[in-house]
Structures are given as structure tokens and as C-alpha cells.
Number of protein chains: 2
Amino acid sequence: MALVERVLAGDRRALAQAITAIVEREPAGRPLLAALHPKAGRARIVGLTGAPGVGKSTLTAALTRHWRRAGLSVAIVAVDPTSPFSGGALLGDRIRMGELATDPGVFFRSLATRGAMGGLAAATGDVVTALDAAGFDRIIVETIGTGQAEVDVITMVHSCVVVLIPGMGDGVQAFKAGILEIADLFVINKADHEGAERLHEQMAAMLELAPKQEGYAVPILATVATTDEGIDSVADGLDAHWQHLLRSGKHHERDLLRARTQLQRLLQAQLLAPFEQGAGEAAFEAAVRDVAERRVDPHGAVAALVARTQERPPHEP
Amino acid sequence: MALVERVLAGDRRALAQAITAIVEREPAGRPLLAALHPKAGRARIVGLTGAPGVGKSTLTAALTRHWRRAGLSVAIVAVDPTSPFSGGALLGDRIRMGELATDPGVFFRSLATRGAMGGLAAATGDVVTALDAAGFDRIIVETIGTGQAEVDVITMVHSCVVVLIPGMGDGVQAFKAGILEIADLFVINKADHEGAERLHEQMAAMLELAPKQEGYAVPILATVATTDEGIDSVADGLDAHWQHLLRSGKHHERDLLRARTQLQRLLQAQLLAPFEQGAGEAAFEAAVRDVAERRVDPHGAVAALVARTQERPPHEP
């Protein structure tokens, strides 16, 4: 049976193999994605982001157990733009999954910058498509917060959960406009720690001032993920947001946003390719030296590079 | 007198005006940069990064005061990829500068995603060029850490300072390979807080395991930026790193890296431009809908978009 049929039939080994082909941009990846793309579009995709140390992994595991108890299959993509390690078989990944590691209704994959040729965000979008086509009911995209790369990844989900904890320095600094705008749910994890109530008040005050989503109030939920406390309310909150998306037509908007983000990333990778090999690369490196030694300014150098690739071969009359 | 001459003569208002033209990609910006680029290359450029709440602003102000006492002029670029606000005249910027706000030997500019057309990192590189050409002895690029955007900005400096504080969750999570590799100096700020010694030990142990820079040992320095404690040692550490760069020839390598990063960003912006206006934009938006509605997969859509722009107009025989 061809790889794509095995993936669609729920074969986990085939899925892992397909994802590797996709992420590493192997030749087999392109036709695979073309075949899987029309079969995707059924899963609910949840993004989970927050600074290092807020307990995202614990929360992901708790949410996964909650959905498993409800009979739903769950796939997890852990995206780490700061890590050089990619792959699904790392010891640390198996440890953090605990008893879930042996559950056939759960699939885990980690993605990192260096393992993802052509951009981490583009690779994440493709992996989500494969997981979606493979029939998972829920897909969690877990990512480390604050940078543009993370914001891009988050535009690929239906619902975005931003995780905070009490006592992490200056709350105003940490949760500026960018984060306020992408959050569909706020979760205050480690809510049994000192300062949780104050953080809740601060966040509520900030949400008051932020632009509102029409017909939807962003909730601030409290959890202690290590003891599953509050996990039900997060799952309920995600259901409520999903209902809002369907009711308001925002569901379609999010799909468009996901497609747009993915196309932008891929277009970028494709357009830059001529400057990353052969004569194009040599011309690029020569321009780098000219700019560094201040013979040409960067904008002039770029104009010359682009003109070079657009030159037509001489025409015979 | 033309704007460029006024900038080179040290006119601060002209400089602010030039930077706005550059960042907003006004038509006047291009010739300005072409004229300023050959005059730059004299300043020492220091990057300062770390998570929100570690005291980067306080440390920047303390370092600036230190250099001012030594008779050096200082320009500061505060880069915030999470903020929608850009510009040099914000109330918050003036407040954080305190007494430095009225010092003619100090120049401050903040940059944010939405104010920087064509990419925040590219704009940062151009602003640094303008400040360098304007004759500042030291330029501090202050940025919020962890994401790819920040790592990109940091490749534009000579020396990179990574700021940590005790008690910020899981140290191993927070300071992975990406951060270890870009740091030339580690600063443990708020070193009078509990856990500072333990953090120092952890960082020292991690540096033991990290790939070494030949002929240079990355120092771990302790500061209490609010009382200027340890600031001398940071300035000394930066001098030592600068000497190392000159001695080892790494100075030239960093200049090449800065040029390469800047060219990549600009090239990207230029190549994507045909898809951001007119018929190209319409074709792009149609592709977005096709992908969202699963008629075409993203990779197929991108191939078609690129083929479209490369079509030649019909040729008259």
C-alpha cells in the first residue's frame, strides 16, 4: 500500500515516516502533501504558547489526558525555535509524555529550527496538515512565546492559549499588544503560587483596555497542571471558542489566515532558493563582501542581485 | 545643507529625520543610506538581550552612564518585535532614559514590528548604519530574547550580552543552544536576589559543555543595575571581547555576518514585493482561498505563483 494510503488509514509508523519526508523536504514530501492536503480540514487545532518555565508541557499532557478520556485522538507538535534538536524519538520527548507515550491514540512530534528546511513555521503548517489528514480529532501546537516566529506559528491554529504564571517579573513588559492580540484564552498556571490573584487582576485590567473580539470575551482560567486542577475549564473554554468561531464565521477567516501564512513562508523559501546555490550563491557572497567592506550599500547590492537573476538570455533576431 | 551632511556633522534633529525616512522606507531613505553606508564602520556595536523583566533597560542606562563618564557618545536602539509602537518620542521612552534624555551625547530610538516596513531586522541594520555614520562611539541594540527575530538582530552586533536573573523558572529550558551560541558575555542581573549563586554555577556548568570560542572564554558577570554595581566589569568585559575580535580577526568575520544578515532580509523583502501589490497581490489572494478551501495544496500554489511572475511578455518577431 502506498505511504499516503497508509497514513490515511491511521498507520502511525507511516505517519512518522511521512512527516520526516515533509519536514526534511525530501522529494517524496511534495506529492505526499498534495495528496494529504484535500483530506485535511477536520481537526481542531489548538496553539499553546508562553515563556519557558510556565508549564506548557505539563498542561499539554493534562489536556491530552482529558481529551483521551472523552475518546478523542490527540496529536502534539512541540515547536522550539531555540532548539537545534528535531525528531520524535528523543529520550526527553518520551519522558515528558509519560504514560501517553504508549497510547496509540496519541502522537507526539517535536520540531526545531535546524531540522526544518525552508522555515520552521512552514514545516509546522505542513506537519499539521499531515496530522489532520491522518484523522486526529485534536492537534496541539506547543511553542515558546514572545518572538515573531512563534506569533507566525500561532496564526496556524483555530484557538490560541497563552499560558502565564505568577511572579515572572514585569507583567506589563511580558504581555504586550502582540500577545494580547493572539490570545483566545489565557491560562494562569501554577495558580496555587503566590501572586496568582494579582496576576489575574492585572490580566483582567489589560483585557479591559485591549481591542475586543466581537461576540467573544477572552477568558482568564486558572490551572495547576501538575494535579489536573482546572484542566476541565480549559477544555470547556476551547469548546466555547470553537462554537464562537463556527457561529461567527470566524472559522473560515482563521482558515484563510492559516493558508496565507503558509503561502507567505513557502513563497519566501522558493524565491530565495536561487541565491542559495551555484552562481547565485557566489554572487550573493560577493555582495556580502562588498557591503562588509563598504564598497556598496546593502540596498544597492540587493537591487543588483535581483537584476542579475532577471536578466534574459540574449535573443537571436 | 543637505540632510546627509547635517547627519554627518552630528545634527541630532537631522539624524532623527533620516532614521524616520529609513525605517518608513521613504524614497529619500535609499540615497541617504547609500551616502551614509561608506561613512559607517567606526562604532562598536553591542547587543543586549534577555527575557522580559530581567532589567535590560536599567542595564542599558547604567552602561550608557558609564561610557558617558568616559567621554564616549552612545546611541541606543531598543528593538521590540512584540510591540506595535515605534518611534523616538514616546513618553515611556523619555521616562526610561531619565537624565540621559537631555544629554546631547546620547541618542535613543525604539523600533517595533509595525513601524518597520520590510522587516524589523533589516530596519535595525539600517538604523545602526545611520548611527554609526553619525559618529557615535558606542551603539547598544537592546532586544527581547528567545525568538528567531532576536537572534537575527543579534547577528548585527560586534558583542552580544545575554542578561539573566535568578529565579526565572527552568534555567535549562530558558538557555538552550541558541542563546549559548550567540552570547559573548553573560550578565546575571539582580545578583543580590536569592538564587544568584546557583544560577552562576548552572551557567558555568553549561558553558563547560558548550562549544568554545577559540582564544576567548565567555565571562559570567554579576550586576545590580539599579545601583550601578558590576557595571564597570561589564564595560571591561566588552573591551576585552573587542580586543579579542581585533586580535583574532573575528572582527572581520562579524562584519561579514552583519552584511550577510542584512542582505538576506532585504532580498527577501524585495522578492516578495511583486506579490504584495496589484495583479500579483490578487493572484496571491486567490491562491490563499484555493488553499484554504483545499482545492490546491500550498506547495502547488506557490509553484504556480512563481511561474506566473516569471512569464515573459509575448515577443514581437
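Residues numbered from 1 in each chain as written. Chains lettered and ligands numbered in written order. Predicted model: local features only at pLDDT ≥ 70, side-chain atom pairs only at ≥ 80, totals over all residues.

Scanning chain A for helices and strands turns up 14 helices and seven strands. A burial count over chain A gives 46% of its 317 residues as buried. For chain A, the share of sequence-separated contacts (at least 6 apart) that also reach a separation of at least 24 residues comes to 75%. (Helix = DSSP H or I, 4+ residues; strand = E, 2+ residues; numbered from the N terminus. Buried ≥ 20, exposed ≤ 12 C-beta atoms within 10 Å, placed from the backbone. Contact = placed C-beta atoms within 7 Å.)

Grouped together as the largest cluster of nonpolar side chains are 169 residues, with contacts concentrated most on Ala130 and Ile139 of chain A together with Ala130 and Ile139 of chain B. Apart from residues no more than four positions distant in its own chain, alanine 130 of chain A is found in contact with Val7, Leu15, Ala18, Ile19, Ile22 and Leu36 of chain A. (Core = buried A, V, L, I, M, F, W, Y, C linked by C-beta atoms within 7 Å.)

Residues and elements named next belong to chain B. Summarising burial for strand S3 (residues 106-112): seven of the seven residues are buried, a large majority. Inspection of the sheet shows strand S2 (residues 74-80) paired to S3 by seven bridges, in the parallel sense. Looking at the pairing, valine 79 lines up with leucine 111 of S3. (Pairing = 2+ DSSP bridges.)

Residue and element names in this part refer to chain B. Positionally, glutamine 213 belongs in the loop between helix H10 (196-209) and strand S7 (220-222). Residue class for glutamine 213 comes out partly exposed when judged on the 15 C-beta atoms lying within 10 Å of it. Counting along the chain gives 32 residues from glutamine 213 to glutamate 181, while the straight-line C-alpha distance between them is 9.3 Å.

Glancing now at the packing of helix H2 (residues 12-23) of chain B against helix H3 (residues 29-36) of chain B. Residue and element names in this part refer to chain B. H3 packs onto H2 with a crossing angle of 115° between their chain directions and a minimal axis gap of 8 Å. As H2 packs across H3, the resulting crossing turns out to be left-handed. In this structure, H2 contributes Ala18, Ala21 and Ile22 to the contact, and H3 contributes Gly29, Leu32 and Leu33. Here the residues of the contact of H2 with H3 sort into five nonpolar, one polar and no charged. (Axes fitted to C-alpha atoms, helices over the stretch in contact; angles between N-to-C directions. Left-handed = near helix turned anticlockwise from the far one by under 90°. Nonpolar A, V, L, I, M, F, W, Y, C, P; charged D, E, K, R; others polar.)

Okay, unusual backbone geometry next. Leave glycine aside and you will find that most residues have negative phi; peptide bonds, for their part, are mostly trans. All names here are of chain B. If you check the backbone angles, arginine 25 has positive phi at about 55° while not being a glycine. Assignment of secondary structure puts arginine 25 in the loop between H2 and H3. Backbone geometry at aspartate 228 places phi at a positive 65°, although glycine is not the residue there. Position of aspartate 228 among the secondary structure elements: in the loop between S7 and helix H11 (231-248).

A few words now on helix H11 (residues 231-248) of chain A. Residues and elements named next belong to chain A. Taking 1.5 Å as the rise per residue, H11 with 18 residues should run 26 Å; its terminal C-alpha atoms sit 26 Å apart, in good agreement. Buried within H11 are the following residues: Ile231, Val234, Gly237, Leu238, His241 and Leu245. Projected onto a plane normal to the axis of H11, the buried residues spread over an arc of 115° and lie on a single side. For H11, the exposed residues lying more than 90 degrees away from the buried face are Asp239, Gln243, Leu246 and Arg247. Backbone geometry just after H11 places glycine 249 at a positive phi near 80°. (Expected span 1.5 Å × (residues − 1). Arc of directions from axis to C-beta.)

Another point: the packing of helix H6 (residues 120-133) of chain B against helix H12 (residues 250-272) of chain B. Residues and elements named next belong to chain B. Packing of H6 against H12 leaves a shortest axis separation of 9 Å and a crossing angle of 130°. Looking at the two axes, H6 sits oblique to H12. The chirality of how H6 crosses H12 is left-handed. When H6 is examined against H12, the residues Ala121, Ala122 and Gly125 are found in contact with a partner set consisting of Arg258, Thr261, Gln262, Arg265, Leu266 and Ala269. (Parallel < 35°, antiparallel > 145°, perpendicular 65-115°, else oblique.)

Residue and element names in this part refer to chain B. For H6, spanning 14 residues, the distance from its first C-alpha to its last is 20 Å, which sits close to the expected 20 Å at 1.5 Å a residue. Counted residue by residue, H6 has 14 buried out of 14 residues, so it is predominantly covered. Downstream of H6 by one or two residues, glycine 135 has phi in the positive range, about 95°.

Moving on to the environment of aspartate 80 of chain A. Residue position: aspartate 80 of chain A is located in strand S2 (residues 74-80). C-alpha separation for the pair aspartate 80 of chain A and leucine 111 of chain A, spaced 31 residues apart in sequence, amounts to 6.3 Å.

The next subject is the pairing of S2 of chain A. Taken across its seven residues, S2 of chain A has seven buried, putting it largely inside the fold. Judged by which residues are buried, S2 of chain A turns out to be covered on both faces: Val74, Ile76, Ala78 and Asp80 of chain A on one side and Ala75, Val77 and Val79 of chain A on the other are all buried.

The subject of this paragraph is the confidence of the model for chain A. Residue and element names in this part refer to chain A. Summing up the model confidence of chain A, the mean pLDDT is 83 and the portion of residues at 70 or higher is 82%. Scored below 50 in pLDDT, residues 84-91 shows 21 contacts in the model against residues more than four places distant or in partner chains. In this model residues 169-177 is a low-confidence stretch, pLDDT under 50, and it forms 20 contacts with partners more than four residues away in sequence or in other chains. Confidence metrics for the complex model read pTM 0.65 and ipTM 0.77. (pLDDT = per-residue confidence, 0-100.)

In this fold, proline 104 of chain B is placed in the loop between helix H5 (91-97) and S3. In this structure, the C-alpha to C-alpha distance between proline 104 of chain B and arginine 12 of chain B, residues 92 residues apart in sequence, is 8.1 Å.

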